[in-house]
Amino acid sequence: MPPIVRKKILVKGVVQGVGFRPHVYKLAAEYSLAGWVKNDASGVTIEAEGPGPAVEAFIKAVSARRPAAARVDSVVSRAVVPAGDKEFVITKSGGKVPASAIIPADLALCADCRGELLDKGDRRYLYPFTNCTNCGPRFTIVKSVPYDRPYTTMAGFKMCPDCLREYGDPLNRRFHAQPNACPVCGPSVKLESGGKTCAGPAALEKTAELLLAGKIGALQSLGGFHLACRADRPAAIKRLRAAKRRPHKPFAVMVPSLAAAKKLCFVSAAEAAALVSPEAPVVMLGRRSKNMGEPAPGLSRLGVMLPYTPLHAALFALLAKKGFSGPLVMTSGNFRDEPICKDGPDVRARLRGVAAFSLSHDRPIHNRCDDSVVYEAAGELRLARRARGYAPSAVKLPAGGASVLACGADLKNTFCLTRGAEAFLSQHIGDLSEPLNQGFFKETLANYRRLLKISPSLTAHDLHPDYASSAIARALPGKKLAVQHHAAHALSVAAEYGLRKPFLGVAFDGTGYGTDGRIWGSEFLVFKGRRWSRAGHLEYFPLPGGDIGALEIWRPALALVKAAYGPGWRGQAAGLFKAVPAAKLHTVERMIDSGVNSPQTCSMGRLFDAFSFIAGIRAEATYEAQGPMELESLLSGRRAAPYAFALRGGEGDLRVDPSPAVRAAARDRLAGKAPAYISARFHAGIIAAAAAAASSIAKSAGLDTVCLSGGVFQNRALLEGLTGALAAGGFKVYSNRQVPANDGGLSLGQAWYALEGYRQA
Ligand SMILES: [Zn+2]
Ligand SMILES: [Zn+2]
Ligand SMILES: [Zn+2]
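Asks: Residues and numbers for unusual backbone geometry, please.
Replies: That bond from Glu 294 to Pro 295 is cis: its omega, 5°, falls within 30 degrees of zero. By the element assignment, Pro 295 lies in the loop between strand 12 (282-287) and strand 13 (301-305). Along the chain, Ala 391 connects to Pro 392 via a cis peptide bond; the corresponding omega equals 5°. Positionally, Pro 392 belongs in the loop between strand 17 (380-385) and strand 18 (394-396). Despite not being glycine, Ser 32 shows a phi value in the positive range, around 55°. Here Ser 32 is to be found in the loop between helix 1 (20-30) and strand 2 (34-40). For Lys 412, which is not glycine, the phi dihedral falls at a positive 45°. As for its position among the elements, Lys 412 is in the loop between strand 19 (404-406) and strand 20 (416-419).

Asks: Can you break down the coordination of the zinc ion (ligand 2) residue by residue, with the values?
Replies: Here the zinc ion (ligand 2) is held by Cys 160 (SG), Cys 163 (SG), Cys 182 (SG) and Cys 185 (SG), and the distances to it run 2.2 to 2.4 Å. Its four donor atoms give the zinc ion (ligand 2) angles of 105 to 117° at the centre, a pattern that matches the tetrahedral case. Among the residues examined, Cys 182 registers a relative accessible area of 0% and is labelled buried.

Asks: Can you explain the packing of aromatic side chains? Please cite residues and give values.
Replies: Counting across every chain of the model gives 16 aromatic pairs. An angle of 75° between the planes, with centres 5.8 Å apart, marks the rings of Phe 508 and Phe 524 as edge-to-face. One end of the pair, Phe 508, is in strand 24 (residues 503-513); the other, Phe 524, is in strand 25 (residues 519-528), and 16 residues separate them in sequence. Taken as a pair, Phe 508 and Phe 524 share a single burial class, namely buried. Arranged with centres 4.3 Å apart and planes meeting at 20°, the rings of Phe 611 and Phe 682 form a pair that is stacked. Residue Phe 611 is located in helix 17 (residues 604-614), and its partner Phe 682 is located in helix 20 (residues 675-701); the two are separated by 71 residues in the primary sequence.

Asks: I'd love a proper account of the coordination of the zinc ion (ligand 1), names of residues and values included.
Replies: Within the protein, the zinc ion (ligand 1) binds to Cys 110 (SG), Cys 113 (SG), Cys 132 (SG) and Cys 135 (SG); these donor distances fall in the range 2.3 to 2.4 Å. For the zinc ion (ligand 1), the four donor atoms in the first shell make angles of 103 to 120° at the metal, so the coordination geometry reads as tetrahedral. In the primary structure, the donors to the zinc ion (ligand 1) are separated according to the pattern C-x2-C-x18-C-x2-C. Here Cys 113 is found in helix 3 (residues 111-117), whereas its partner Cys 135 is found in the loop between helix 3 and helix 4 (161-168), with 22 residues between them in sequence. The class of Cys 113 is buried, set by a relative accessible area of 0%. Relative accessible area serves as the criterion here: at 1%, Cys 135 is assigned to the buried category.

Asks: I'd like a rundown of the environment of Met 159, residues and numbers included.
Replies: Within the element layout of this structure, Met 159 appears in the loop between helix 3 and helix 4. The spacing of Met 159 and Ala 181 is 22 residues in sequence and 6.7 Å in space, taken between C-alpha atoms. Excluding residues within four positions of it along the chain, Met 159 makes contact with Arg 149, Leu 164, Tyr 167, Asn 180 and Cys 185.

Asks: Please provide a residue-by-residue account of the pattern of salt bridges, values included.
Replies: Within the structure shown, the criterion is met by 44 salt bridges. Taking the shortest distance from any N to any O, the salt bridge between Lys 501 and Asp 704 comes out at 3.7 Å. With Lys 501 in the loop between helix 13 (485-497) and strand 24 and Asp 704 in the loop between helix 20 and strand 31 (705-709), this pair connects stretches of sequence that are 203 residues apart. On the accessibility criterion, Lys 501 (31% relative accessible area) is partly exposed. For Glu 756, the salt bridge is made with Arg 530, and the minimal N-O distance between the two is 3.6 Å. In this pair, Glu 756 is assigned in helix 22 (residues 746-756) and Arg 530 in the loop between strand 25 and strand 26 (531-538), connecting sequence segments 226 residues apart. Judged by its relative accessible area of 37%, Arg 530 is partly exposed.

Asks: Lay out helix 4 in plain terms, naming residues and giving numbers.
Replies: Of all the residues in helix 4, the buried ones are Cys 163, Glu 166 and Tyr 167. One side of helix 4 carries all its buried residues, which in axial view fall inside an arc of 100°. Those residues of helix 4 that are exposed and angled more than 90 degrees off the buried face are Pro 161 and Arg 165.

Asks: Just give me the short version of the confidence of the model for the protein chain, but keep the residues and values in it.
Replies: Scored by pLDDT, the protein chain comes out at a mean of 94, with 98% of its residues at no less than 70. Between residues 95-99, whose pLDDT stays under 50, and residues either more than four places distant or in other chains, the model counts seven contacts.

Asks: Help me get a handle on the environment of Ala 274, residues and values and all.
Replies: Of note, Ala 274 is situated in helix 8 (residues 269-275). In this structure, the C-alpha to C-alpha distance between Ala 274 and Ala 725, residues 451 residues apart in sequence, is 28 Å. Contacts of Ala 274, omitting those with residues within four sequence positions, involve Ala 280, Pro 281, Val 283, Val 374 and Leu 381.

Asks: Tell me about the sheet that holds strand 18, and please be specific about residues and values.
Replies: Strand order across the open sheet formed by six strands is 18-21-20-19-22-23, with mixed pairing between neighbours. The open sheet terminates on both sides in strands that have one partner only, identified here as strand 18 and strand 23 (479-483). Averaged over neighbouring strand pairs, the angle between their axes works out to 25° when direction is ignored. The pairing of strand 18 with strand 21 (residues 422-425) spans three bridges and is classified as antiparallel. Considered in strand 21, the bridge of Ala 394 is made with Phe 424.

Asks: A description of the sheet that holds strand 2 should follow, citing residues and the corresponding values.
Replies: Ordered in space as 4-1-3-2-5, the five strands form an open sheet in which the pairing is mixed. Edge positions in the open sheet fall to strand 4 (71-80) and strand 5 (88-90), since each of these has one partner strand only. Put simply, the sheet's adjacent strands are angled 15° from each other on average, direction ignored. Inspection of the sheet shows strand 1 (residues 4-14) paired to strand 3 (residues 43-51) by eight bridges, in the antiparallel sense. Residue pairing across strands places Val 11 opposite Val 44, the latter belonging to strand 3. Set on the sheet, helix 1 makes contact with strand 1, strand 2, strand 3, strand 4 and strand 5; between it and strand 5 the angle comes to about 175°. Sheet strands in contact with helix 2 (residues 52-64) are strand 1, strand 3 and strand 4, and its direction is about 155° off that of strand 3.

Criteria and thresholds
- Residues numbered from 1 in each chain as written.
- Chains lettered and ligands numbered in written order.
- Predicted model: local features only at pLDDT ≥ 70, side-chain atom pairs only at ≥ 80, totals over all residues.
- Heavy atoms only, no water.
- Helix = DSSP H or I, 4+ residues; strand = E, 2+ residues; numbered from the N terminus.
- Donors = N, O, S within 2.8 Å, 3.2 Å for Na, K, Ca; no water.
- Tetrahedral: all angles 85-135°; square planar, octahedral: opposite > 155°, others 65-115°.
- Buried < 20%, exposed > 50% of the residue type's maximum accessible area, 1.4 Å probe, protein only.
- Phe/Tyr/Trp six-rings, centres within 6.5 Å; stacked < 30°, edge-to-face > 60°.
- Contact = heavy atoms within 4.5 Å.
- Salt bridge = Lys/Arg side-chain N within 4 Å of Asp/Glu carboxyl O.
- Arc of directions from axis to C-beta.
- pLDDT = per-residue confidence, 0-100.
- Pairing = 2+ DSSP bridges.
- Axes fitted to C-alpha atoms, helices over the stretch in contact; angles between N-to-C directions.

Laid out in structure tokens, this is it:
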């Protein structure tokens with residue numbers, strides 16, 4: 001018999017509120033060990049006593065066989081004096097609120113709970129609020145720490161004896177599951193339709209009927225309301241588009257199962273894993289249908305998610321009984337650019353006239369949280385929108401420092417609070433030019449500061465003086481730091497990968513305020529020894545009308561065509577602008593010539609817009625990047641002769657001149673070449689030009705590492721093409737994964753800029 005030993009084991013990571021203590025309890029039983037386990041200040045602490053080899057095997061198993069929703073960052077153990085314990089117990093958490101406790105993110109319905117939900121004999125049959133330590137609401141219901149029921153929006157529900165028994169049994173899946181509930185004691189749904197209301201199972205049944213009949217409904221989910229309707233009813237989608245004032249913007253769909261997703265779209269192994277993950281994001285998938293119609297008109301990709309709450313799963317079960325297994329459109333319950341609705345009065349006030357009915361419930365949403373969006377590119381899953389399932393979990397930084405707050409930018413806003421080497425990004429907040437979103441920002445910041453107990457010593461914000469995010473930052477007490485937009489983009493990649501050596505940042509996006517007061521957006525930035533400098537960009541061109549050029553995309557096209565052909569452009573390229581009213585064309589041309597309301601820009605986003613116009617895709621967009629997304633959707637993967645871009649200037653001031661490419665594309669278009677052909681040549685051309693510029697700058701600066709960021713890199717062809725070209729040239733290439741490449745990841749870069757003490761060279 002080996003000697004008896006006792007070890008104290010500290011486990012750090014996402015280990016609270018995810019069933020970790022029952023997991024440890026069961027393992028201790030398996031290895032016949034005595035001792036105890038408890039939650040404490042930094043995670044979970046265990047003392048385990050028994051024969052040496054059994055204790056060692058137990059320690060290995062603690063992290064190797066962790067619960068699905070847990071994340072183990074470290075397991076540290078040391079020998080202590082055996083205490084002669086005879087049994088293993090779960091002890092109560094320590095009294096003081098831990099400063100480093102992690103609030104878990106919301107977790108999608110687990111397989112066990114789904115099984116019970118669909119089991120007629122189970123007491124939770126079709127009960128839309130079932131959950132356990134492996135699944136259910138977390139962040140969205142937390143009001144304060146520690147994460148215990150009285151500090152959640154479940155505080156008002158008193159557990160019935162059956163639920164209480166589960167809650168108190170260490171071997172039960174619902175042991176200390178804070179939102180534990182059942183039909184006897186828990187929340188319930190309420191349907192409001194045509195002035196009538198009903199509740200409970202009848203409400204779910206009726207909801208399924210209404211959806212089946214093609215009605216649009218507002219459905220309360222985990223972090224807010226969805227607007228839902230059948231995805232196979234063009235008339236319903238048309239009404240939804242009219243009401244949301246979104247004529248073309250892609251809508252995500254929910255399908256009942258992975259098999260149903262595969263029927264609709266091509267699904268890779270990584271995409272399948274994301275669909276069924278506890279985060280359950282919207283996954284952008286390649287559509288099987290060549291006909292790129294509703295619900296994502298003109299796009300080869302469709303946003304797909306699986307039912308992630310028991311309410312969704314129950315609804316799909318009822319729909320299946322009625323013979324419907326098709327996708328439902330599930331789009332955020334809001335008007336364009338406003339925050340997602342979170343309660344019944346909100347829905348009645350804001351969604352009246354859109355939704356024919358609403359299915360709400362009485363478990364309040366404390367932290368609203370939109371669906372997250374992921375996509376696969378260059379062999380990796382990447383976040384396009386980081387919200388439900390991911391927030392508020394931290395991004396690990398390579399080093400810490402005093403806490404900072406970074407306020408992000410105005411589009412796709414998120415903020416970032418740091419604590420030691422952890423960066424907590426807020427969930428996606430949205431467009432801050434919308435006043436309701438400014439309120440959402442402030443409310444969320446207050447929640448984060450309270451939950452995480454962070455008082456930042458410095459506030460970083462975008463360099464743009466007129467941004468709402470900058471104004472919010474200026475109004476806060478303490479030190480401020482203005483960070484150039486594209487430097488922050490590039491540093492968001494460095495922060496993610498823990499890069500602290502010199503690198504070249506390539507930031508391609510729509511708009512960012514430059515240090516010369518112009519609108520930047522195609523930046524090649526050299527980072528060396530905590531200094532950054534601009535080494536290259538697209539040639540500047542005028543943007544007549546400013547921001548309106550992101551929607552009236554013929555405007556940047558006109559500026560580029562005029563620059564490419566000179567004053568005689570009409571003789572060779574007037575035919576491109578037939579769809580634009582002559583008077584308007586004339587006015588805008590005069591604006592360009594006189595410089596009135598025509599700021600200079602080197603925006604890569606506007607260049608993509610312009611080429612989608614020249615290719616014949618459209619003259620006007622109804623949502624940001626519509627033209628470029630449709631242009632990319634035409635790519636077939638076949639090789640094409642790249643349009644030529646010229647490189648001008650020299651070291652420290654390299655400029656990519658698109659004029660030769662503009663002329664070639666115009667010629668192709670006027671010769672009747674197909675948009676797909678022009679798209680292929682354009683993508684090949686810009687990849688080659690960016691690769692040539694990046695390698696030339698990196699070589700002369702002695703850099704071997706390149707970080708790619710900015711919203712334009714959500715273009716899969718560009719990211720993969722440029723990554724491949726640079727890797728083939730011997731460079732190490734990094735791009736965003738954990739945070740969006742778009743402005744949703746900007747706050748991380750700003751925070752890292754502040755923590756590392758970067759400045760412009
Ligand atoms: Zn569960
Ligand atoms: Zn109960
Ligand atoms: Zn940006």
